[in-house]
Every structure is written in structure tokens, then in C-alpha cells.
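# Structural features, examined
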Amino acid sequence: MPATAANLYETKTLGAAIDAIAPDGTAVRLLSSLAGGSMAHFELPAGAVSHAVAHRTVEEIWFVVSGRGAIWRHQGDVESIDPLGPGTSLTIPLGAAFQFRAEAGSALAFVAITMPPWPGMDEAVSARGLWAPTVTAGSA
């Protein structure tokens with residue numbers, strides 16, 4: 001079958017419905033994907049704290065679109081807590097444990113690119129976090 005715009009390119013609008021609850025407890029809305037990576041929109045409710053997780057095979061790049069909060073990342077001897085707000089971009093290297101929280105004023109929303117594409121719920125493994133989680137984790 002010859003390539004056409006319909007089967008070569010993907011164009012998608014952010015949906016209103018939640019596609020899944022991530023292992024860290026965020027609401028996920030799936031966006032576009034290619035062989036090398038996938039993209040999704042994530043939202044953590046205002047005042048909520050995620051579950052701490054680490055990824056088995058993927059790395060991520062995030063871009064915060066709304067809300068404020070903080071992210072904790074830990075790998076080996078390197079640990080940091082960084083503020084999150086609109087316009088913040090960050091990386092989650094392969095194997096790094098991470099956990100994040102939203103300030104009370106509004107939900108924390110971000111777009112994340114996962115490389116390679118997200119393989120499924122078994123990708124994330126529970127990690128020892130910094131804060132007590134307040135949301136229910138998604139499961140396989």
C-alpha cells in the first residue's frame with residue numbers, strides 16, 4: 001500500500017477523557033507516537049503527591065504547561081528537588097527514581113515524551129520516595 005498523509009502522519013487533539021491512570025497516580029491522555037518515542041499529557045490534582053517510581057527501559061522529557069509544584073529525582077549519589085511551573089522542562093534519565101507534587105492552588109499538568117515509546121504499565125517500578133503519596137496508583 002503506498003504511503004498517504006492518512007497512514008504516514010498522525011495528528012491528534014488532546015482529548016477530554018482520561019485514557020489511563022499512570023503507575024505514579026497521574027491522569028494520562030495519550031497523544032502522538034512514532035517508533036522512537038511517544039507523547040502524553042499528564043495531570044496531578046491540586047495539592048496531590050504522586051507515587052515514587054523508576055522506569056525499567058524508558059527515559060522521559062517533560063514540559064510543564066500549568067500549575068506549580070516540585071519534583072524529586074534520585075539516581076545513585078545524585079538527588080535533587082526542583083520547582084515546577086509553566087515553562088519548566090526537565091529530564092528523567094533511565095533508572096532514576098522520581099516523585100512529584102502539585103501545590104494546592106491548581107492541578108499540575110505536563111506533557112512528557114517517552115523514549116522509546118511507553119511499553120505498558122509494567123514499565124514503572126515502585127521506588128522509595130520523599131513524600132507520602134496521596135493518589136491511587138494505576139496498575140497493569
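Before going into details, it helps to say that this report is about the structure given with it. (Residues numbered from 1 in each chain as written. Predicted model: local features only at pLDDT ≥ 70, side-chain atom pairs only at ≥ 80, totals over all residues. Heavy atoms only, no water.)

### Looking at the overall build of the protein chain
Counted only if it meets this: For the purposes of this entry, the term helix denotes a DSSP run of H or I that reaches at least four residues, the term strand denotes a run of E that reaches at least two, and both are numbered from the N terminus. Residue burial is assigned from relative accessible area. The probe radius is 1.4 Å, only protein chains are included, and a residue is buried under 20% of its type maximum, exposed over 50%, and partly exposed in between. Here a residue-residue contact requires only that any non-hydrogen atoms of the pair lie within 4.5 Å. Accessible surface is estimated by sampling points in the Shrake-Rupley manner with a 1.4 Å probe; for residues, cover comes only from the protein chains shown.
Along the backbone of the protein chain there are one helix and 11 strands. Listed N to C, the secondary structure of the protein chain is α-β-β-β-β-β-β-β-β-β-β-β in terms of helices and strands. Dimensions along the principal axes, computed over C-alpha positions, put the protein chain at roughly 50 × 35 × 30 Å. The buried share of the protein chain, reckoned over its 140 residues, is 38%. Looking at the protein chain alone, contacts between residues at least 24 apart form 70% of all its contacts between residues at least 6 apart. Accessible surface for the protein chain amounts to roughly 7,600 Å². Of this, 59% is attributable to carbon and sulfur atoms.

### What about unusual backbone geometry?
Cis peptide bonds are those with omega within 30 degrees of zero, and the linkage from methionine 115 to proline 116 qualifies with -10°. Along the chain, the position of proline 116 falls in the loop between β10 (108-115) and β11 (124-126).

### Some details on the side chain of threonine 114
Going by this rule: Side-chain atoms alone can form a polar contact between residues adjacent in sequence; in general such a contact is a pair of N or O atoms within 3.5 Å, and within protein one must be able to donate a hydrogen while the other accepts it.
On the secondary structure map, threonine 114 appears in strand β10. Of note is the side chain of threonine 114, whose polar atom sits 3.3 Å from the side chain of glutamate 60. Beyond its immediate chain neighbours, meaning those up to four positions away, threonine 114 contacts Gly36, Gly37, Ser38, Val58, Glu59 and Glu60.

### Things to note about the environment of proline 133
Along the chain, proline 133 turns up in the segment after β11. Expressed as a C-alpha distance, the spacing of proline 133 and glycine 67, which sit 66 residues apart in the sequence, is 18 Å. When near neighbours in sequence (up to four residues on either side) are disregarded, proline 133 contacts Val49, Ser50, His51 and Gln99.

### Brief notes about the packing of aromatic side chains
Spelled out, the test is: When the centres of two rings from Phe, Tyr and Trp lie within 6.5 Å, Trp using its six-membered ring, the rings pair. Their planes under 30 degrees apart give stacked, over 60 give edge-to-face, and anything left gives tilted.
Evaluated as defined, the whole model comprises six aromatic pairs. Residues phenylalanine 98 and phenylalanine 100 carry aromatic rings whose centres are separated by 6.4 Å and whose planes lie at 10° to one another, so their mutual orientation is stacked. Each member of the pair, phenylalanine 98 together with phenylalanine 100, is buried. In textbook terms, an aromatic cluster arises when at least three aromatic residues are bridged by ring pairs, as seen for Phe42, Trp62, Phe98, Phe100 and Phe110.

### Thoughts on the pairing of strand β7 (residues 78-84)
The condition that has to hold: Here, strands pair whenever DSSP counts at least two bridges between them.
The pairing of strand β6 (residues 69-75) with β7 spans seven bridges and is classified as antiparallel. Following the sheet pairing, glutamine 75 is matched in β7 by valine 78. Between β6 and β7, which follow one another and run antiparallel, lie two residues, and glycine 76 among them has a positive phi close to 60°.

### A short note on the sheet that holds strand β8 (residues 89-92)
The pairing of strands in a sheet comes from backbone hydrogen bonds and takes either a parallel or an antiparallel form. If you trace the six strands from one edge of the open sheet to the other, you get β1-β2-β3-β10-β5-β8, paired in antiparallel fashion. Taken across any chain shown, the strands that pair with only one partner, and hence form the sheet edges, are β1 (20-21) and β8. Note that strand β5 (residues 59-66) and β8 share four bridges and pair antiparallel. Bridging from a neighbouring strand, isoleucine 61 pairs with threonine 91 of β8.

### Examining the nonpolar core
Short version of the rule: Residues belong to one nonpolar core when they are buried, are Ala, Val, Leu, Ile, Met, Phe, Trp, Tyr or Cys, and are joined through side-chain atoms within 4.5 Å.
Of all hydrophobic cores here, the largest spans 22 residues; its most connected members are Trp62 and Phe100. Secondary structure elements with two or more residues in this core: β3 (37-44), β5, β8, β9 (97-102) and β10. Listed in part, the six residues of the second largest apolar core include Val49, Ala70, Ala97 and Trp131.

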